[in-house]
Every structure is written in C-alpha cells, then in structure tokens.
Amino acid sequence: MSDAPPKVPGRGSGRVEDLLSESFPRMLMVQTTSACNAHCVFCPLPALRKEQPQGRMEQPLFERIIREAGEHPEVACINLFLMNEPLCDKRIVQRVFLAKEHNRKAQISLWTNAVNLTPSLTDQLLASPLGSLGVSLHAHNPEAYARATGRNDFHRVLGNLVHFVEQRLAKRPDLALVIRYVDASSYISPEERVELRRFWAEGEVDLDIDDGFLGRAGNLEAPAAPPEPLRRLNGCKALGGPKQAHVLYTGQVVLCCMDYGRVSDLGDLNKQTLSQIWRGERRRAALEMLFGQRDAEEGFLCSRCELAVPGGEECQCDPDIPPEDTWAGV
C-alpha cells in the first residue's frame, strides 16, 4: 500500500481520523483454529483450504492477545471465531474462560455449525461465561442439508442443537442464541419456513433466515457482488466492521472477516502489539481507500465486496452502533 494514489482533500478524512483516534478495537474476532468440518457450497473455505496453510493458534499468542484486550475497558465483544469452525478447537472452552477472565465487561461469543456440539460440550459451554452462540444450520431436511453442507448427519446435528436449546432454557436462559439459514430459497421450502419458525420459537431462539449469500469479497460468485472492482468507495455496510480487529491463527491481522484469501495484511501480532497495528500505517491506508479519501488500489479487498458502499452513494452505516448488535455479522 505504499504507492497509493494521491488523497482526495477532505473526502472521508473525518471518518478515517475518528477511527484512527481509537487506540484499540471495540470488538475482536480471533481465529483459534483454521479448521472446519463442513463443505458449505456458499463458503470459500472448501476450495481455499487446499491452497493455504492450516493450523491452530498457539496458546502463548492467544494469551497475549486476550491480556492486551483486557487492558482496554472499551472492548465490548470478543468473538472466538473467524472463517472457521471454532468447536474444532479442543481448547475452546478453556479459551472462553480465559477471555472472560481478562475481559470482564466484554461479551464472549462463538459461531458454530453444531456438528461438534455434543451433549458433553453443551454442558461445558453452558457452565462457561459464554455470552452468545450463533449456529449455522442452513436446511431442515437431510437431503437439503447434504447439498448445502456436504454432510450426511443432519439428524445427529439437529439432535445436538435441540439438546443445547433445551439445556440452555433450563440452565442459561441469559445466553443469547441465534440460528441462521443462508441461501434459504435454495434449501428450505415455503412449508419448512413456517415449520422452522414454530419449531424454534418453542426454544426461545432468534431465527435468521436469509435468502441470499455473500460473495465474500470476490471469493464466490454472488448475485449482489459488484460486476467490476470498485475504484472509489464510501464506507462499509457491515455495522461496526471497521471497529473490529480480525486475527488469524498465525497472528496475522486482516482487514475483514471476508478476507478468506488472506490478502489484507495489516500486521503480525508476533512482532507488534494489536494497539500498534490498530493505529498503524497499513490500517490507515486501508481506511483511506474504504472511505474514499483515495482511489482503491488494484486488489484492494473491499473493491469486490457487496457490503462496500460505492463512491457517490451515501454511507448509511452508523459508526456508533453498539458492538453487541454486530457479533453475529458473519
């Protein structure tokens, strides 16, 4: 990003400076493992994992991140998931406890496909300080589930989830729970939509049925994706997105949860603190392009994303959106 085009005087500078004035992110997404045990057709991971190194975050690195976050009371949410299946991490419950121990005011969240949400793990999670859980299920019958996820264990996974819902009502009714179905028009019939709402309402579950899916910043073909890379941008429609740090298992900090290709390198937590990266020159350059203070460089992540606001359009995003309303934004 060192050879960026000249800035446009005044354009987007207020938002960029406001974001850079914050010494630390209000939200964190931490990839404790890169593993995933599904092959969802609307996710880039099944193809990319063949080309990219995979692994699990080393415990000393995780502890450094969590302890640094604990020095900043403005941190409101720590999401222990990022482009992965967090329940593939055998230490995930321990890490939930550690994150809360050092960040008493922050909500600790997970997002899972429920494949590994066994009764035993349910008991452990409900006994932990986990504040919210999101679940991606995507279908309501075995055949559609297999088409969507590449798995043939629908009834077992649904049983896991029903057990969790029942135990949550009995033991942790304060724990926020949302179940999401993506690209629902392809995998859920109109009759099943009605059944889903009735089925999950009994468990006091927030239901999110989405008829589309995102192109993940150009990593998938999606109807709403820009036909050509955007040269000029004016913000991001993802609520709170620029206020969230995204940390890969290696310690690399990327710009966004859409960066499945790992192309936006803001810094390395093995060499810098998160505070240094957050106010660093690489993030500044990315924000200047995101908010239209300069033209986007070739290959800029947000240029191919349907959540990017094109230059000339008004940005409706609220920079002060409460972080607790954005934890489920993937």
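Preceding this paragraph is the structure being described.
These figures come from a predicted structure and were not determined experimentally.

Rules of the game
- Residues numbered from 1 in each chain as written.
- Predicted model: local features only at pLDDT ≥ 70, side-chain atom pairs only at ≥ 80, totals over all residues.
- Heavy atoms only, no water.
- Helix = DSSP H or I, 4+ residues; strand = E, 2+ residues; numbered from the N terminus.
- Rg over C-alpha atoms; globule rule 2.2 N^0.38 Å.
- Buried < 20%, exposed > 50% of the residue type's maximum accessible area, 1.4 Å probe, protein only.
- Lys, Arg positive; Asp, Glu negative; His and termini not counted.
- Charge placed at Lys NZ, Arg CZ, Asp CG, Glu CD.
- Pairing = 2+ DSSP bridges.
- Core = buried A, V, L, I, M, F, W, Y, C linked by side-chain atoms within 4.5 Å.
- Contact = heavy atoms within 4.5 Å.
- Polar contact = N/O pair within 3.5 Å; in protein donor to acceptor, adjacent residues only side chain to side chain.
- Expected span 1.5 Å × (residues − 1).
- Arc of directions from axis to C-beta.
- Phe/Tyr/Trp six-rings, centres within 6.5 Å; stacked < 30°, edge-to-face > 60°.

## Things to note about the overall build of the protein
Then, in step 1: Assigned secondary structure in the protein consists of 11 helices and 11 strands.
Then, in step 2: Scaling as 2.2 N^0.38, a compact globule of 330 residues should have a C-alpha radius of gyration of about 20 Å, and the protein matches this with 20 Å.
Then, in step 3: For the protein, buried positions account for 55% of its 330 residues.
Then, in step 4: Across the protein, 38 positive and 45 negative side-chain charges occur, with their mean positions spaced 4 Å apart.

## Regarding the sheet that holds strand E5 (residues 176-181)
Then, in step 1: Overall, mixed pairing links the nine strands, which are arranged E6-E5-E4-E3-E2-E1-E8-E9-E10 in an open sheet. The sheet is open, and its two borders are formed by strand E6 (206-209) and strand E10 (267-268), each paired with just one other strand.
Then, in step 2: Two elements, strand E8 (residues 244-247) and strand E9 (residues 252-254), share two bridges in a ladder whose sense is antiparallel. Counted as the bridge partner of Val 247 is Val 253 from E9.

## Side note on the nonpolar core
Then, in step 1: Leu 80, Leu 110, Leu 137 and Trp 200 are the most contacted members of the largest nonpolar core, which has 98 residues in total.
Then, in step 2: With six residues, the top contributor of residues to this core is helix H7 (residues 154-171).
Then, in step 3: Every residue in contact with Leu 80, bar those within four places of it in the chain, is listed here: Val 30, Phe 62, Pro 86, Ile 92, Arg 95, Val 96, Ala 99, Ile 108, Ser 109 and Leu 110.

## Here's the deal with the pairing of E5
Then, in step 1: Summarising burial for E5: five of the six residues are buried, a large majority.
Then, in step 2: With four bridges joining them, E5 and E6 adopt parallel strand pairing. Directly across from Val 178, in E6, lies its bridge partner Asp 206.

## Here's the deal with the side chain of Asn 79
Then, in step 1: On the secondary structure map, Asn 79 appears in strand E2 (residues 77-79).
Then, in step 2: Look at Asn 79 and you get buried, because its relative accessible area is 0%.
Then, in step 3: Within the local environment of Asn 79, its side chain forms a polar contact with the side chain of Gln 244, the two groups lying 2.9 Å apart.

## Structural notes on helix H11 (residues 281-290)
Then, in step 1: By the criterion of burial, H11 is predominantly enclosed, with seven of the 10 residues buried.
Then, in step 2: By the burial criterion, the buried members of H11 are Arg 283, Ala 285, Ala 286, Leu 287, Glu 288, Met 289 and Leu 290.
Then, in step 3: One or two residues past the end of H11 sits Gly 292, with phi positive at roughly 75°.

## Overview of the environment of Ala 38
Then, in step 1: Residue placement: Ala 38 occurs in the loop between strand E1 (27-30) and helix H2 (45-48).
Then, in step 2: Take Ala 38: its relative accessible area is 5%, and that puts it in the buried class.
Then, in step 3: In this structure, the C-alpha to C-alpha distance between Ala 38 and Glu 85, residues 47 residues apart in sequence, is 8.4 Å.
Then, in step 4: For Ala 38, the residues in contact, after removing those within four places along its chain, are Arg 49, Asn 113, Thr 149 and Arg 151.

## Some details on helix H9 (residues 190-201)
An α-helical segment advances 3.6 residues per turn. Residues three or four places apart therefore align on the same side.
Then, in step 1: A rise of 1.5 Å per residue sets the reference length of H9, with its 12 residues, at 16 Å; its end C-alpha atoms lie 17 Å apart and thus fit the reference within 8%.
Then, in step 2: Three or more residues of H9 are buried, namely Glu 192, Leu 196 and Trp 200. The buried residues of H9 occupy an angular sector of 50° when the element is viewed end-on, so they sit on one face. Those residues of H9 that are exposed and angled more than 90 degrees off the buried face are Pro 190, Glu 191 and Val 194.
Then, in step 3: Buried residues belonging to H9 abut H7, E5, helix H8 (184-187) and E6.

## Considering the packing of aromatic side chains
Then, in step 1: Throughout the structure, instances matching the rule amount to four aromatic pairs.
Then, in step 2: Ring centres of Phe 42 and Tyr 187 lie 6.0 Å apart, and the angle between their planes is 70°; this geometry places the pair in the edge-to-face category. Within this pair, whereas Phe 42 is found in the loop between E1 and H2, its partner Tyr 187 is found in helix H8, the two being separated by 145 residues in sequence. Judged on exposure class, the residue Phe 42 and its partner Tyr 187 are both buried.
Then, in step 3: Ring geometry for Phe 42 versus Phe 213: centroids 6.4 Å apart, planes at 40°, classification tilted. A residue pair is termed long-range when its members are at least 10 positions apart, and Phe 42 in the loop between E1 and H2 and Phe 213 in the loop between E6 and strand E7 (233-236) qualify at 171 residues.
Then, in step 4: Overall, Phe 42 belongs to the buried group, its relative accessible area being 7%.
Then, in step 5: For Phe 213, a relative accessible area of 24% corresponds to the partly exposed category.

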